[in-house]
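Architecture at a glance
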Amino acid sequence: MALGTCILGSICVGLVCAQIARRVLPWLYLNVFGPTLFGPKVDLRRLGDWAVVTGATDGIGKAYAKALAKKGINVVLISRSLSKLEAVAKEITDSHKVEIKIIDIDFTDGPQIYQKIEKNITGLDIGVLVNNVGISYPHPEFFIDNNNRHPEFLRDIISVNIHSVTHMCALVLPNMIAKKKGVIINLSSTAAVIPNPLLSVYSGTKAFVDKFSVDLQTEYRNQGIIVQSVQPGFVATNMAKIRKSTLLAPSPDTYVASALKTVGIASQTAGYLPHALLQLTIHLLGAVAGDQMARNFIFNHLSGMRKRALRNSEKKK
Ligand SMILES: NC(=O)c1ccc[n+]([C@@H]2O[C@H](COP(=O)([O-])OP(=O)(O)OC[C@H]3O[C@@H](n4cnc5c(N)ncnc54)[C@H](OP(=O)(O)O)[C@@H]3O)[C@@H](O)[C@H]2O)c1
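Heads up: these notes are all about the structure in this document. All values reported here derive from a predicted model rather than from experimental measurement. (Residues numbered from 1 in each chain as written. Predicted model: local features only at pLDDT ≥ 70, side-chain atom pairs only at ≥ 80, totals over all residues. Heavy atoms only, no water.)

This part is about the side chain of serine 79. Take serine 79: it is sitting in strand E2 (residues 74-79). Its relative accessible area of 7% is what places serine 79 among the buried residues. In this structure the side chain of serine 79 is engaged in a polar contact, spanning 3.2 Å, whose partner is the backbone nitrogen of alanine 56. If we skip the residues at most four places from it in the chain, serine 79 touches Gly55, Ala56, Thr57, Leu85, Ile103, Asp104 and Ile105. (Helix = DSSP H or I, 4+ residues; strand = E, 2+ residues; numbered from the N terminus. Buried < 20%, exposed > 50% of the residue type's maximum accessible area, 1.4 Å probe, protein only. Polar contact = N/O pair within 3.5 Å; in protein donor to acceptor, adjacent residues only side chain to side chain. Contact = heavy atoms within 4.5 Å.)

What follows covers the site of the ligand. Among the 32 residues in the neighbourhood of the ligand, the closest are listed as Thr57, Arg80, Lys84, Tyr202 and Thr237. Here an oxygen atom of the ligand and a backbone polar atom of glycine 55 are 3.3 Å apart. In isolation the ligand exposes 900 Å². Once the protein is present, 93% of that is buried. When residues of the shell around the ligand are traced back to their parent elements, those giving at least two are helix H2 (59-70) and helix H7 (200-220). Its residues placed into classes, the shell around the ligand shows 14 nonpolar, 13 polar and 5 charged. (Near = heavy atom within 4 Å. Areas by Shrake-Rupley, 256 points an atom, 1.4 Å probe, with all protein chains shown as cover. Nonpolar A, V, L, I, M, F, W, Y, C, P; charged D, E, K, R; others polar.)

Across all of its chains, the model carries 6 aromatic pairs by this definition. Between tyrosine 137 and phenylalanine 153, the ring centres sit 5.3 Å apart and the planes meet at 80°, which makes this aromatic pair edge-to-face. Residue tyrosine 137 is located in the loop between strand E4 (126-131) and helix H5 (143-149), and its partner phenylalanine 153 is located in helix H6 (residues 153-179); the two are separated by 16 residues in the primary sequence. (Phe/Tyr/Trp six-rings, centres within 6.5 Å; stacked < 30°, edge-to-face > 60°.)

When its volume is computed, the second largest pocket comes out at roughly 480 Å³. Along its surface, the second largest pocket is lined by 19 residues, and Trp27, Leu30, Asn31, Gln279 and His283 are the ones closest to its centre. (1 Å grid on protein atoms, 1.4 Å probe; cavity = no way out; pocket = protein on both sides within 12 Å on 5 of 7 lines; lining within 4 Å. Points joined across faces, edges and corners; volume = space filled by probe spheres on them.)

A cluster of nonpolar side chains, Tyr29, Leu30, Phe33, Leu37 and Phe38, forms an exposed patch at the surface whose accessible area comes to about 470 Å². Along the chain, the position of leucine 30 falls in helix H1 (residues 2-38). (Patch = residues over 30% accessible without salt bridge, like charges linked within 9 Å, V, L, I, M, F, W, Y side chains within 5 Å. Salt bridge = Lys/Arg side-chain N within 4 Å of Asp/Glu carboxyl O.)

Turning next to the nonpolar core. Considering soluble globular proteins, one finds that nonpolar side chains tend to be buried as a cluster. Among the nonpolar cores identified, the biggest contains 33 residues, and Leu44, Val53, Tyr64, Leu68, Leu77, Val130 and Ile185 are the most heavily contacted of them. The set of elements that each furnish at least two residues to this core consists of strand E1 (50-54), H2, E2, helix H3 (82-95), E4, strand E5 (182-187) and helix H8 (252-260). Ranked by residues supplied to this core, first place goes to H2 with 6 residues. Aside from chain neighbours lying at most four places away, what touches tyrosine 64 is Val53, Val130, Ile185, Leu187, Val230, Val256, Ala259 and Leu260. Ranked by size, the runner-up nonpolar core spans 29 residues in total, among them Val52, Phe107, Tyr114 and Val165. (Core = buried A, V, L, I, M, F, W, Y, C linked by side-chain atoms within 4.5 Å.)

We now examine the packing of H6 against H7. It is the contact of H6 with H7, at a shortest axis distance of 9 Å, that shows an interaxial angle of 15°. Overall, the two elements H6 and H7 adopt an arrangement that is roughly parallel. Note that H6 runs across H7; the crossing there is right-handed. Across the interface between the two elements, Leu154, Ile157, Ile158, Asn161, Ile162, Val165, Thr166, Cys169, Leu173 and Ile177 of H6 pack against Val201, Tyr202, Thr205, Lys206, Phe208, Val209, Phe212, Leu216 and Tyr220 of H7. Here the residues of the contact of H6 with H7 sort into 15 nonpolar, 3 polar and 1 charged. (Axes fitted to C-alpha atoms, helices over the stretch in contact; angles between N-to-C directions. Parallel < 35°, antiparallel > 145°, perpendicular 65-115°, else oblique. Left-handed = near helix turned anticlockwise from the far one by under 90°.)

Written out as structure tokens, the structure is:
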């Protein structure tokens, strides 16, 4: 009897250990050993002469543009303001021997902008597309209150965060498929994979980007195309309203240097170990204390941010 209990106990412990190993080892490979020991698994220079980066004049997009130029890849910078595009183009060509093309368009402007982009990139040997452009709420807010205050916001956020990603993929994929090589990096967000009340439209658009990327990857994996969904936590940019970088909110350059190491290793990634640990902590909180507890915790945190933002804007009036 005692021997039977002992064997049964050992089997149970073995099964639990196997389950833990099945989950922990892939996580360690994707977030720690893979990027540091082997990443990036593709030589981006060999995919084509050019990269295209949307939202390239600031923050994460500018950091991708600089990092790709540093590898010797020519870059097409796409953003809203011509003067900022010219300044970033100069900054890059001053320090790297590459060609830069700039395209000034506003992604809220409707479908005709894609004809302008197509005209400007036709004939370029494009190996990398970074779908980075994105906008978010001015501050966490209830869906209807935000819509009442900014009636054009719903259309704009979907145009910038969703239409840009799908249309840009449609523009560059045919040539990548013909060459049987290419990398598409789509900027999703940690907001896509954790509860994010009071930013529901933003997180919904980012969940779209994540899901679209994963399924697109499955469609074109056998044709030599890598599609990656990158899910940053906070990065010190204008959008995040964070000026000073910290370990949890790194500078865009630090973030992108880390995220680029995951290309070819992880098809969905936080891109930066502290952000991966943050996602893990929130998922564990949900698993241990219940999903509703995790949702309430984040709701209370974002409600506090909303109240502070509203108080500040009242003071400024
Ligand atoms: N920062 C974070 O904490 C964080 C976290 C998770 C995910 N992300 C995602 O990462 C991406 C980049 O974010 P970021 O923080 O680097 O943003 P950012 O600093 O605000 O920079 C956004 C870039 O996009 C351009 N842009 C904005 N609206 C545009 C429009 N309508 N048409 C054309 N260009 C436009 C901006 O150009 P202008 O300079 O002319 O405005 C700028 O170059 C976004 O997709 C965001 O959702 C960021």
